[in-house]
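# Commentary on secondary and tertiary structure
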Amino acid sequence: FRSERGRGERPFCEDCFKDMREKISKEKEKRQEKPKLEDIIENSIGMKFKLIPAGEFMMGSEEWGYSEYSEPVHRVKITKPFYMGIYPVTQREWKAIMGKNPSDFKGDNLPVENVSWDDCQEFIRKLKSRETGHEYRLPTEAEWEYACRAGSQGRYCFGDKESKLKEYAWYYKNSGKKTHPVGMKKPNAWGLHDMHGNVWEWCQDWYDSDYYKESTEEDPKGPSNGSLRVDRGGSWCLVAGLCTSAYRLPYSPGYRDAYLGFRLVRSL
């Protein structure tokens, strides 16, 4: 078979030629396939991250009494998957990078708190220098709310019933006026813990009360400048209405308190 062959080419029987062609075709397809992303990854200091898929959702809330910072409701598309920290950054993880522990409530598995937005940037800078080739940052508030909702549309990741919040969050009614170890409450549908309560979580965005009126639909990153940064999720010292998926508050990037912490995004 294949009698008209070039110099140095060996002859093939027809069956061998078909087998060879199929093998080459499969190898091409394999090279073109994108590598499958791991669902959960862990970095060098034990921080765990969950793969969050791309998608879209309705961001914000018009709930009476708690919506003045979160209106209007608007459609947002997250165009690329990303890795979100399964837990808020703990004191053990903070000490591994920074050496000191600024928290008021001490405990290795408690969320680090009493950290400013600026402190978080220093932590990220040092973590990135330790883990060359990996990109870490605070989530945008759109990423944060998208990950918190995990496909839900109600007040909380589990729906609207405030009576169920105690199963998912440490807040004013059940916290005993302190933080608690991460991961003790139920996760949301995407496996993320403590998105409601325990500590407020810094986001990357500048804050503007009118930004939602002009936000871009795809991957919004917040205003281009400002004097305050966004916090999400509520905390151990707040009532249930301030621990919803959509509620947001602004703080100065240099501000610290015992209810302010954060979690990280690791880019693909």
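None of these values were measured; they are calculated from a predicted model. (Residues numbered from 1 in each chain as written. Predicted model: local features only at pLDDT ≥ 70, side-chain atom pairs only at ≥ 80, totals over all residues. Heavy atoms only, no water.)

### What to know about the sheet that holds strand β2 (residues 48-52)
- Spatial ordering of the open sheet is given by β1-β2-β5-β11-β6, a layout of 5 strands whose pairing is antiparallel. Of all the strands in the sheet, the pair left with one neighbour each is β1 (40-42) and β6 (136-137). (Pairing = 2+ DSSP bridges. Helix = DSSP H or I, 4+ residues; strand = E, 2+ residues; numbered from the N terminus.)

### Some thoughts on the sheet that holds strand β9 (residues 248-251)
- Across the sheet, which stays open at both edges, the 4 strands sit in the order β9-β8-β7-β10 with mixed pairing between neighbours. The open sheet has two edge strands, β9 and β10 (260-261), and neither has a second partner.
- Where strand β7 (residues 200-206) meets strand β8 (residues 229-232), 3 bridges bridge the pair, whose relative direction is antiparallel. By the bridge assignment, Glu-201 is partnered in β8 with Arg-232.
- On the sheet, helix α3 (residues 117-130) packs against β7 and β8 and is oriented at approximately 85 degrees with respect to β7. (Contact = heavy atoms within 4.5 Å. Axes fitted to C-alpha atoms, helices over the stretch in contact; angles between N-to-C directions.)

### Quick look at helix α2 (residues 91-98)
- Taken as a whole, α2 has its buried residues at Gln-91, Glu-93, Trp-94 and Ile-97. Looking down the long axis of α2, one finds its buried residues gathered within 160 degrees of arc, a one-sided arrangement.
- In this structure, the buried side of α2 is in contact with α3.
- Residue Gly-99 follows α2 closely and has a positive phi angle near 85 degrees. (Buried < 20%, exposed > 50% of the residue type's maximum accessible area, 1.4 Å probe, protein only. Arc of directions from axis to C-beta.)

### Details of the packing of α2 against α3
- It is the contact of α2 with α3, at a shortest axis distance of 9 Å, that shows an interaxial angle of 65 degrees. The angle between the axes of α2 and α3 places the two elements in the roughly perpendicular class. Every pair of crossing elements has a handedness; the one defined by α2 and α3 is left-handed. Mapping the contact onto sequence places Glu-93, Trp-94, Ala-96, Ile-97 and Met-98 in α2 and Asp-119, Cys-120, Glu-122, Phe-123, Lys-126, Leu-127 and Arg-130 in α3.
- Residues belonging to the contact of α2 with α3 are distributed by class as follows: 7 nonpolar, no polar and 5 charged. (Parallel < 35°, antiparallel > 145°, perpendicular 65-115°, else oblique. Left-handed = near helix turned anticlockwise from the far one by under 90°. Nonpolar A, V, L, I, M, F, W, Y, C, P; charged D, E, K, R; others polar.)

### Some details on empty space enclosed by the protein
- Counted according to the given criterion, the structure contains 3 cavities of 30 Å³ or more.
- The volume enclosed by the largest cavity comes to roughly 60 Å³.
- The wall of the largest cavity is formed by Met-47, Lys-48, Phe-49, Gly-85, Ile-86, Tyr-87, Pro-88, Val-89, Glu-93, Arg-263 and Leu-264.
- Grouping the amino acids of the lining of the largest cavity by side-chain chemistry returns 7 nonpolar, 1 polar and 3 charged. (1 Å grid on protein atoms, 1.4 Å probe; cavity = no way out; pocket = protein on both sides within 12 Å on 5 of 7 lines; lining within 4 Å. Points joined across faces, edges and corners; volume = space filled by probe spheres on them.)

### Observations regarding the pattern of salt bridges
- Counted according to the given criterion, the structure contains 20 salt bridges.
- Residues Arg-155 and Glu-63 are paired through a salt bridge, measuring 2.8 Å at the closest nitrogen-oxygen approach. One end of the pair, Arg-155, is in the loop between α4 (141-149) and β7; the other, Glu-63, is in the loop between β3 (55-59) and β4 (74-78), and 92 residues separate them in sequence.
- Exposure remark for Glu-63: the relative accessible area of 23% places this residue in the partly exposed category.
- A salt bridge links Glu-201 to Arg-263, with the nearest nitrogen and oxygen atoms 2.8 Å apart. Here Glu-201, found in strand β7, pairs with Arg-263, found in the loop between β10 and β11 (265-266); they are 62 residues apart in sequence, far enough to count as distant. No difference in accessibility class separates Glu-201 from Arg-263, as the two residues are buried.
- It is possible to trace a salt-bridge network through shared partners that takes in Glu-141, Glu-145, Arg-149, Arg-232 and Arg-248. (Salt bridge = Lys/Arg side-chain N within 4 Å of Asp/Glu carboxyl O.)

### A closer look at unusual backbone geometry
- At the junction of Glu-71 and Pro-72, the peptide bond is cis and its omega measures out at -10 degrees in the coordinates.
- A positive phi angle, near 60 degrees, is found at Asp-194, a position not held by glycine.
- Inspection of the secondary structure puts Asp-194 in the loop between α4 and β7.

### A word on the environment of Glu-42
- Checked against the element boundaries, Glu-42 lands in strand β1.
- Residue classification places Glu-42 among the exposed positions, given a relative accessible area of 51%.
- Sequence spacing of Glu-42 and Gly-85 is 43 residues, and the spatial spacing of their C-alpha atoms is 9.6 Å.
- Not counting the four nearest positions on each side in its chain, Glu-42 is found in contact with Met-47 and Lys-48.

### Notes on the packing of aromatic side chains
- Throughout the structure, instances matching the rule amount to 15 aromatic pairs.
- Judged by centre distance (5.1 Å) and plane angle (5 degrees), the ring pair of Trp-94 and Phe-123 falls under stacked. Here Phe-123 lies in helix α3 and Trp-94 lies in helix α2, a separation of 29 residues in the sequence.
- Centroid distance Tyr-156 to Phe-158: 5.1 Å. Interplanar angle 5 degrees. Geometry classified as stacked. (Phe/Tyr/Trp six-rings, centres within 6.5 Å; stacked < 30°, edge-to-face > 60°.)

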